[in-house]
Amino acid sequence: MLAYTYIEKGKFALVEKPKPVLVEPTDAIVRVTMSSICTSDLHIKHGSVPRAVPGITVGHEMVGVVEEVGPDVTCVKPGDRVTVNVETFCGECFFCQRGYVNNCTDPNGGWALGCRIDGGQTEYVRVPLANHGLNRIPDSVSDEQALLVGDVLATGFWAARISEISQEDTVLIIGAGPTGICTLLCVILKRPKKIIVCEKSEERRRFVQKHYPEVLLTTPEECKDFVLRHSDHGGADRVLEVAGADETFRLAWECARPNAVVTVVALYDRPQILPLPEMYGKNLTFKTGGVDGCDCEEVLRLIEEGRIDTTPLITHRFPLSEIEEAYRIFENKLDGVIKVAII
Ligand SMILES: [Zn+2]
Ligand SMILES: [Zn+2]
């Protein structure tokens, strides 16, 4: 089978690999029917994910059909259509039992697929701990509707959940890339008083305006003044930082009112500065990134009910044989791309 593979820093290539086989009794083999490209794949390509293992198949956003299961897999069976969770978790350790599945202490725990073990930009994938890593897709939900459930949408759902949003709040979301928009969709479900999205790309601001007209839009340059004008208590009550660009961490806490919650969803390329003397007295609560992707079943139910729809984000479709071109468009943000489906 063909597998898009991390060769070395700066280089991915489509190479021929044998079809994976069951290794552990808790494994499942999934035939990938659709996958996507994530910014984290680009982080691997650029060498900023030190634990990524050269030689592995990349890709951690995928849906498919269960082909084969080990004897201990009880939650899914061959033939089931499933979403694959970006995180592998055991469901039993200290962290899993508290919902912190990102910190699962199993050797395969956390982000393994498409980073430390073979992932999904290919034809078949071995999913460890499949009882927790796979969720059945309801019959009325299409592959495209479910494609983002296991990663960016799980991230948005988690970010909205931990941000303690109430209906009196003005919520600022920084960044309207794929994860930012997924975060927006999940914040909308919390019905806050106002939602402000800050995004530097005019194209992406237009996308948000077109699909979510109730959202207020601003730019990084105008963000601080804009938030002040549109909030009741001298800043946003909740800030979700999903951009991960230079200066957006600072923007996040500067736009927050005293005693606000600032949720950092973004993955930065570089260390950020937390200038405690400058923010002294602001009494902020920071929550930092690393999705706990344990709500996929609930997210699938919300999709089935029509309350979350990420299909407008899938702007481009390519066959696996043209994945190189898909990366070129995604990486360079060409042609209005938000998300790419590899079919
Ligand atoms: Zn990702
Ligand atoms: Zn665990």
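Residue indices begin from 1 for each chain and proceed along its sequence in written order. Starting at A for chains and at 1 for ligands, labels are handed out in the order in which the entities are written. Only residues with pLDDT of 70 or above have their local features reported here, since the model is predicted, and side-chain atom pairs are shown and tallied only from 80 upward, although totals for entire chains, interfaces and linings are computed over all residues.

**Student:** Would you take a moment to explain the domain arrangement of the protein for this structure?
**Tutor:** Accessible area lost on assembly of the parts is the figure often given for the size of an interface. Domain start and stop points were drawn from an automatic or database domain assignment. We note that the domain assignment places domain 1 (2–151 + 292–342) and domain 2 (155–288) within the protein. The gap between the C-alpha centroids of domain 1 and domain 2 is 27 Å. Tallying the contact residues gives 17 residues for domain 1 and 13 residues for domain 2. Note on residue classes: Ala, Val, Leu, Ile, Met, Phe, Trp, Tyr, Cys and Pro are nonpolar, Asp, Glu, Lys and Arg are charged, and everything else, Gly too, is polar. Split by residue class, the side of domain 1 that touches domain 2 holds six nonpolar, six polar and five charged. By definition, residue pairs are in contact when their C-beta atoms, positioned from the backbone, come within 7 Å.

**Student:** It is not clear to me how the pairing of strand E11 (residues 194–198) should be interpreted in this structure. Could you clarify?
**Tutor:** In summary, the side chains of a regular strand alternate between the two faces of the sheet. Whether a residue is buried, exposed or partly exposed is read from the other C-beta atoms within 10 Å of its own C-beta, which are placed from the backbone; 20 or more gives buried, 12 or fewer gives exposed, and intermediate counts give partly exposed. The secondary structure listing takes helices from DSSP runs of H or I that are at least 4 residues long and strands from runs of E that are at least 2 residues long, numbered from the N terminus. Burial runs high along E11: four of the five residues are buried. Across three bridges, the pairing between E11 and strand E12 (residues 216–218) is parallel. Following the sheet pairing, isoleucine 196 is matched in E12 by leucine 216. As for the winding sense of the linkage, the β-α-β connection from E11 through helix H7 (residues 202–211) to E12 is right-handed. The rule for pairing is simple: two strands pair if DSSP sees at least two bridges between them. Every crossover in which the path from the first strand over the helix to the second runs clockwise, viewed with the strands pointing away from the viewer, is termed right-handed.

**Student:** Quick question: what am I supposed to make of the pairing of strand E14 (residues 256–264) here?
**Tutor:** Taken across its nine residues, E14 has seven buried, putting it largely inside the fold. For strand E13 (residues 236–241) and E14, the ladder comprises five bridges, and the chain directions are parallel. Each residue of the ladder has a partner; that of leucine 240, found in E14, is threonine 263. You can see the chain leave E13, run along helix H9 (residues 248–254) and come back into E14, and the turn it takes is right-handed. Sheet topology places E14 next to strand E15 (residues 285–287); three bridges connect them, and they run parallel.

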